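If you want the building blocks of each chain, they are given just below.
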Amino acid sequence: MTGHTAVFAKGMVQQAISALGTNVLVKVSAVHAGDGIVGTVDVTPMVHQQTSDGTAVPHGTIYGVPYLRIQGGACAVIVDPVAGDIGYIIISGRDQSNVVATQAPALPGSTPWRTVSM
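Because the structure is a prediction, the values reported are computed rather than measured.

## Description of the overall build of the protein
When its secondary structure is counted, the protein shows 2 helices and 8 strands. Along its sequence from the N terminus, the protein presents helices and strands in the succession α-β-β-β-β-β-β-β-β-α. For the protein, the residues scored as buried account for 13% of the 118 residues in total. Intrachain contacts of the protein at a sequence separation of at least 6 include 46% that bridge at least 24 residues. Per element, the accessible surface of the protein, about 8,700 Å² overall, is 62% carbon and sulfur.

Structure follows, in structure tokens:
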């Protein structure tokens, strides 16, 4: 490929990759303790989106993101987040709600494309 075709193809590949699940650097704005081994956090992505002219477009808050504790048998590593922490969230390329609800392998709960609005 040469010229405009190569630029167009590169743009299409980058657009397809951006639609896949990925990890995102975030700042924790609130922590909600759960009952059991997991709670949730509200987070804000730290790397802004941008318009075609380079203008920054900040993300909104993503609510109810589960955090985890590592557990094996009766032992666990408990390091709960606090507001102000910076870390990563993993955004799945598929809706996992059916697996979470049933605790068993299942089909995606919606279309295969990521539906989280960031």
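## Digging into a nonpolar patch on the surface
Among the surface-exposed residues, Leu68, Ile70, Val77 and Val79 lie close enough to one another that they form a single nonpolar patch of about 440 Å² accessible area. Structurally, the position occupied by Leu68 is in the loop between β5 (62–66) and β6 (70–72).

## Observations concerning the nonpolar core
With 10 residues, the main nonpolar core is built from Val24, Val26, Val28, Val41, Val43, Ile62, Val65, Tyr67, Ile89 and Ile91. Those elements giving two or more residues to this core turn out to be β1 (22–32), β2 (40–45), β5 and β8 (86–91). The greatest single-element share of this core, amounting to 3 residues, is contributed by β1. Residues in contact with Val43, not counting those within four places in the same chain, are Val26, Lys27, Val28, Ser29, Gly60, Thr61, Ile62, Val65 and Ile89.

## Considering the confidence of the model for the protein
For any part of a model where pLDDT is low, the fine detail of the predicted coordinates should not be relied upon. Mean pLDDT for the protein: 83, with 80% of residues reaching 70 or above. Averaged pLDDT values over the elements of the protein bottom out at 69 in helix α1 (residues 3–18) and peak at 96 in β2.

## Details of the sheet that holds β2
As summarised here, the arrangement of the 4 strands in space is β5-β2-β1-β8, forming an open sheet in which the pairing is antiparallel. Each edge of the open sheet carries a strand with a single partner, namely β5 and β8. Shown here is a sheet whose adjacent strand axes are inclined to one another by a mean of 55 degrees, direction ignored.

## So, the pairing of β2
Pairing of β1 with β2 involves 6 bridges; the strand directions are antiparallel. What sits directly across from Ala30, in β2, is Asp42. With 3 bridges joining them, β2 and β5 adopt antiparallel strand pairing. Bridge assignment links Val43 to a residue of β5, and that residue is Ile62.

## Some thoughts on the side chain of Asp42
With respect to the secondary-structure elements, Asp42 resides in strand β2. One buried charged residue, Asp42, remains without a salt bridge, the closest side chain of opposite sign being Lys27 at 15 Å. With near-sequence residues (within four places) excluded, Asp42 lies in contact with Lys27, Val28, Ser29, Ala30, His32, Thr61, Ile62, Tyr63 and Gly64.

## Concerning the side chain of His59
Relative to the elements of secondary structure, His59 occurs in the loop between β4 (56–57) and β5. Polar side-chain contacts of His59 include one of 3.5 Å to the side chain of Gln49.

## Here we look at the environment of Ile62
Following the sequence through the fold, Ile62 ends up in strand β5. Classification of Ile62 by relative accessible area gives buried; the value is 10%. Between the C-alpha atom of Ile62 and that of Thr44, which follows or precedes it by 18 residues, the distance is 6.1 Å.

Reading the values: the criteria
Residues numbered from 1 in each chain as written. Predicted model: local features only at pLDDT ≥ 70, side-chain atom pairs only at ≥ 80, totals over all residues. Heavy atoms only, no water. Helix = DSSP H or I, 4+ residues; strand = E, 2+ residues; numbered from the N terminus. Buried < 20%, exposed > 50% of the residue type's maximum accessible area, 1.4 Å probe, protein only. Contact = heavy atoms within 4.5 Å. Areas by Shrake-Rupley, 256 points an atom, 1.4 Å probe, with all protein chains shown as cover. Patch = residues over 30% accessible without salt bridge, like charges linked within 9 Å, V, L, I, M, F, W, Y side chains within 5 Å. Salt bridge = Lys/Arg side-chain N within 4 Å of Asp/Glu carboxyl O. Core = buried A, V, L, I, M, F, W, Y, C linked by side-chain atoms within 4.5 Å. pLDDT = per-residue confidence, 0-100. Pairing = 2+ DSSP bridges. Axes fitted to C-alpha atoms, helices over the stretch in contact; angles between N-to-C directions. Lys, Arg positive; Asp, Glu negative; His and termini not counted. Polar contact = N/O pair within 3.5 Å; in protein donor to acceptor, adjacent residues only side chain to side chain.

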